[in-house]
Amino acid sequence: VQLVESGGGLVQAGGSLRLSCAASTDNNINHMGWYRQAPGKQRELVAGITSGGITNYADSVKGRFTISRDNAKNILYLQMNSLKPEDTARYYCNAEWTFWGRGTQVIVSS
């Protein structure tokens, strides 16, 4: 499975970004997720979603971020609203807890 993220960038605090992850595979993917890693910190789960639409979120993003997917197109999304400087990190797409994209950088300025 090849994963390619897009949609990162620089945004002011309180702003919004939408990340996308395109998955190249002929197989069905059950679980997909977004992770992030800030400098000097461990990679952490941001949000996950199953093919049936069951979602989970890190407490730090609940109510601000929304994960969704288009199963027909194999695209994963992360809508990020009310962004905070502490959301600054490199965001990675994951499939089946095994496959990783190269990430997309998100910088939130105060």
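Residues numbered from 1 in each chain as written. Predicted model: local features only at pLDDT ≥ 70, side-chain atom pairs only at ≥ 80, totals over all residues. Heavy atoms only, no water.

Enquirer: Explain the overall build of the chain here, please?
Expert: A tally of helices and strands in the chain yields 0 helices and 11 strands. Secondary structure elements of the chain, listed N to C terminal, follow the sequence β-β-β-β-β-β-β-β-β-β-β. Since a compact globule built from 110 residues should have a radius of gyration of about 13 Å, the 13 Å found for the chain is in line with a globular shape. The dimensions of the chain, computed from C-alpha atoms along their principal axes, are 40 × 25 × 20 Å. The 110 residues of the chain split such that 43% are buried. Within the chain, contacts between residues separated by at least 24 positions form 51% of all contacts whose residues are at least 6 apart in sequence. Put simply, the chain shows about 6,000 Å² of open surface, and 46% of that area lies on carbon and sulfur atoms. The centroid of the 11 positive side-chain charges in the chain is displaced by 4 Å from the centroid of its 8 negative side-chain charges. (Helix = DSSP H or I, 4+ residues; strand = E, 2+ residues; numbered from the N terminus. Rg over C-alpha atoms; globule rule 2.2 N^0.38 Å. Buried < 20%, exposed > 50% of the residue type's maximum accessible area, 1.4 Å probe, protein only. Contact = heavy atoms within 4.5 Å. Areas by Shrake-Rupley, 256 points an atom, 1.4 Å probe, with all protein chains shown as cover. Lys, Arg positive; Asp, Glu negative; His and termini not counted. Charge placed at Lys NZ, Arg CZ, Asp CG, Glu CD.)

Enquirer: Even after reading the chapter, I still don't get the pattern of salt bridges, so can you show me in this structure?
Expert: Proximity of charged atoms lets side chains of opposite charge pair with each other. Summed over all chains, the structure comprises 4 salt bridges. The salt bridge partner of Lys62 is Asp59, with a shortest N-O separation of 3.1 Å. What makes Asp59 exposed here is its relative accessible area of 66%. With a closest N to O distance of 2.8 Å, Arg64 and Asp87 form a salt bridge. Taken as a pair, Arg64 in the loop between strand S6 (55-57) and strand S7 (65-70) and Asp87 in the loop between strand S8 (75-80) and strand S9 (89-95) lie far apart in primary sequence, 23 residues in all. Neither residue differs from the other here; Arg64 and Asp87 are each classed as buried. Three or more residues are tied together by salt bridges with common partners; here these are Arg36, Glu44, Arg64 and Asp87. (Salt bridge = Lys/Arg side-chain N within 4 Å of Asp/Glu carboxyl O.)

Enquirer: Where do I start with the packing of aromatic side chains in this structure?
Expert: Aromatic rings considered in pairs are described by the distance between their centres and by the relative angle of their planes. In the structure shown here, the tally under the stated rule is 2 aromatic pairs. Consider the rings of Tyr92 and Trp100, whose centres lie 6.5 Å apart with planes at 85°: the pair is edge-to-face. Between Arg43 and the ring centre of Tyr92, over which it is positioned, the NZ or CZ distance is 3.7 Å. In this arrangement the basic side chain of Arg43 is found over the ring face of Trp100, its NZ or CZ atom lying 4.6 Å from the centre. (Phe/Tyr/Trp six-rings, centres within 6.5 Å; stacked < 30°, edge-to-face > 60°. Lys NZ or Arg CZ within 6 Å of the ring centre and 35° of its normal.)

Enquirer: Which parts of the structure should I look at to understand unusual backbone geometry?
Expert: What is expected of a backbone is that most residues other than glycine have negative phi and most peptide bonds are trans. Positioned with a positive phi, Asn74 is a non-glycine residue whose angle comes to about 55°. The residue Asn74 is located in the loop between S7 and S8 in this model. The exposure class assigned to Asn74 is buried, which follows from its relative accessible area of 15%. One non-glycine residue, Glu96, lies in the positive phi region at around 55°. When you line up the elements, Glu96 lands in the loop between S9 and strand S10 (99-100).

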